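Structural description and commentary
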Amino acid sequence: MRYVYLTDKFGCFCGMQLLGFDDNLPAGSVDVSPPPVSDHQSAKWSGSDWEIVTDYRRSPLYHTTDGTPAFIDAPGELPPNLTTKVRPSEEHVWTGTNWEVPDNVLEQINRDKFVTNKAAKLQQLNAAAQAYIDRAAETDKVPDFEMQTWVLQAAESKAWAADNAASTPVLDQIAASRGIDAAKLKEAALRKTLVYEALTAHIAGQRQALQSKIEAAKTQAELDKVVIAFTPLEASE
C-alpha cells in the first residue's frame, strides 16, 4: 500500500489517499509528498515539483468595511478589502493595517463610561449609607410592619415628653401587649428616637457631602479619589 497526494483544481495539495502499489494514480494526484507550509500558504504542484504559494482559503477572513466574515475561493494574495484580524468592536474602523477607534469616538466612549461610573458610584454611596444605618440601628432585626410604627412612636414619645397627658395610643397598646409600664416604654422610645434621629442626620450629612464630591468630579481620576466611608457619630463629636 502507498499514499498518493491529491490536488484541487488549482493544483494545491488537498489531501491523501491510500492505494495499492499496482493501482493507477487518480486524476489530479501525485506520488511525491508535499513540503510543510506555514499559515496562509499551500503547496502547489507545478507539474514536476511542489512550490509554496500564498493561500488564504483556509484562514478566517473579515471585510475591512464592517468586520463581517469573508471567504475567498482561490489561492493568491489577500485582497485589500479583507483582513485576517477580527474587528474588536463596532467602534473600530480599518486604518489600512489595523482596527482602531477614532479619537472622537474614543472620547465619546470615555465620556459615556464616566457618566455610567459616576451613576454607579452614587448608587454605591446610597447603598453604603443605608447599610450603615441598618447595621447601626439593627433594623435588620425588626420586621417591616413594626418599623412603619417608628414614626408614630417617635411622634407620641415627643408629645408625651412635652405633655404627659398627651394621647399615645400606639405606645400604650405596645406597653399593654408587652405587659410593661407605659411610662417606662415611652421613656425608652424617646431615648431611641433621639439616638436614631441623631444617627440618621449624621450619616445623611456625610452622604450628602460625598454625593457633592461625586457630582463635582470632572474626571475618572477625581471620581476614584472619592472614598465612600462613614464615621460613627461619637467619633465626630
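Before going into details, it helps to say that this report is about the structure given with it. Here, residues in each chain are numbered from 1, in the same order as that chain's written sequence. Per-residue local features of the predicted model are confined to residues with pLDDT of at least 70, and side-chain atom pairs are confined, for both listing and counting, to 80 or more; whole-chain, interface and lining totals are unaffected and use all residues. Side-chain numbers here rest on the full set of heavy atoms in the structure, without hydrogens or water.

1. Digging into the nonpolar core
Which entries qualify depends on this criterion: Here the nonpolar core consists of buried residues drawn from Ala, Val, Leu, Ile, Met, Phe, Trp, Tyr and Cys, with membership extended through side-chain atoms lying within 4.5 Å. Summary of the burial criterion: residues with accessible area below 20% of their type's maximum are buried, those above 50% are exposed, and those between are partly exposed, where the area comes from a 1.4 Å probe applied to protein chains only. Only DSSP runs of H or I covering at least 4 residues are called helices, and only runs of E covering at least 2 are called strands; the numbering of each starts at the N terminus. Whether two residues are in contact is decided by their heavy atoms: any pair within 4.5 Å suffices.
With 14 residues, the main nonpolar core has I203, I214 and F230 as its most contacted residues. Counting only elements with at least two residues in this core, the list comes to α1 (103-137) and α5 (182-216). Per-element tally for this core: the top contributor is α1, with six residues. Not counting chain neighbours up to four residues away, the residues in contact with I214 comprise K118, K121, L122, L125, L223 and V226. By size, the runner-up hydrophobic cluster in this structure holds five residues, among which are Y56, L61, I72 and L82.

2. Points about the sheet that holds strand β7 (residues 69-70)
Where we set the bar: Whether two strands pair comes down to DSSP finding at least two bridges between them.
Ordered by their spatial adjacency, three strands build an open sheet running β7-β6-β8, and the pairing between neighbours is antiparallel. One side of each edge strand has no neighbouring strand; the edge strands of this open sheet are β7 and β8 (82-83). Relative to β7, strand β6 (residues 61-63) runs antiparallel, the two sharing two bridges. If you follow L61 over to β7, its bridge partner there is A70.

3. Structural notes on the pattern of salt bridges
Stated precisely, the cut-off is as follows: Salt bridge criterion: a side-chain nitrogen from Lys or Arg within 4 Å of a carboxyl oxygen from Asp or Glu.
In total, this model carries six salt bridges according to the counting rule given. In this structure, R57 and D55 form a salt bridge, with 2.7 Å as the shortest nitrogen-oxygen distance. Taking relative accessible area as the criterion, D55 reaches 1% and is therefore assigned buried. For K141, the salt bridge goes to E138, with nearest N and O atoms at 3.3 Å. Residue classification places K141 among the exposed positions, given a relative accessible area of 61%. Classification of E138 by relative accessible area gives partly exposed; the value is 39%. Through salt bridges with shared partners, a single ionic network connects D8, D55, R57 and R58.

4. Some thoughts on the layout of surface pockets
Note the cut-off: Think of a 1 Å grid over just the protein atoms. A cavity is a set of points where a 1.4 Å probe fits yet cannot get out, a pocket is an open set with protein on both sides within 12 Å along at least five of seven lines, and lining residues have an atom within 4 Å of a point. Grid points are joined across faces, edges and corners, and a volume is the space filled by probe spheres set on the points. Side-chain classes are defined by residue name, with Ala, Val, Leu, Ile, Met, Phe, Trp, Tyr, Cys and Pro counting as nonpolar, Asp, Glu, Lys and Arg as charged, and the others, Gly among them, as polar.
In this model, the largest pocket occupies a volume close to 800 Å³. In terms of lining residues, the largest pocket is bounded by 25 residues, among which W150, Q153, A189, K192 and T193 are the most central. No other element matches α5, which puts 10 residues into the lining of the largest pocket. Across the lining of the largest pocket, the residue classes break down as 16 nonpolar, three polar and six charged.

5. A look at the sheet that holds strand β2 (residues 13-19)
Spatially, β2-β1-β3 is the arrangement adopted by the three strands of the open sheet, whose pairing is antiparallel. In this open sheet, the two edge strands, each paired with only one partner strand, are β2 and β3 (29-30). Pairing analysis gives two bridges linking strand β1 (residues 2-7) to β3, with the strands arranged antiparallel. Paired with Y5 across the two strands is V30, which belongs to β3.

6. Focus on the pairing of β1
The pairing of β1 with β2 spans six bridges and is classified as antiparallel. Within β2, the position partnered with L6 by the bridge is G15. The loop that links β1 with its antiparallel partner β2 comprises five residues; one of these, G11, has a positive phi angle of about 85 degrees.

7. Notes on a nonpolar patch on the surface
Using the following cut-off: Patch rule: a residue counts if its relative accessible area is over 30% and it has no salt bridge; like charges are joined within 9 Å, and nonpolar side chains (Val, Leu, Ile, Met, Phe, Trp, Tyr) within 5 Å. Shrake-Rupley sampling with a 1.4 Å probe provides the accessible areas, and residues are treated as covered by the protein chains on show and by no other component.
On the surface, M1, Y3, M16 and L18 cluster together into a nonpolar patch covering about 450 Å² of accessible area. Summarising the element assignment, M1 is placed in the segment before β1.

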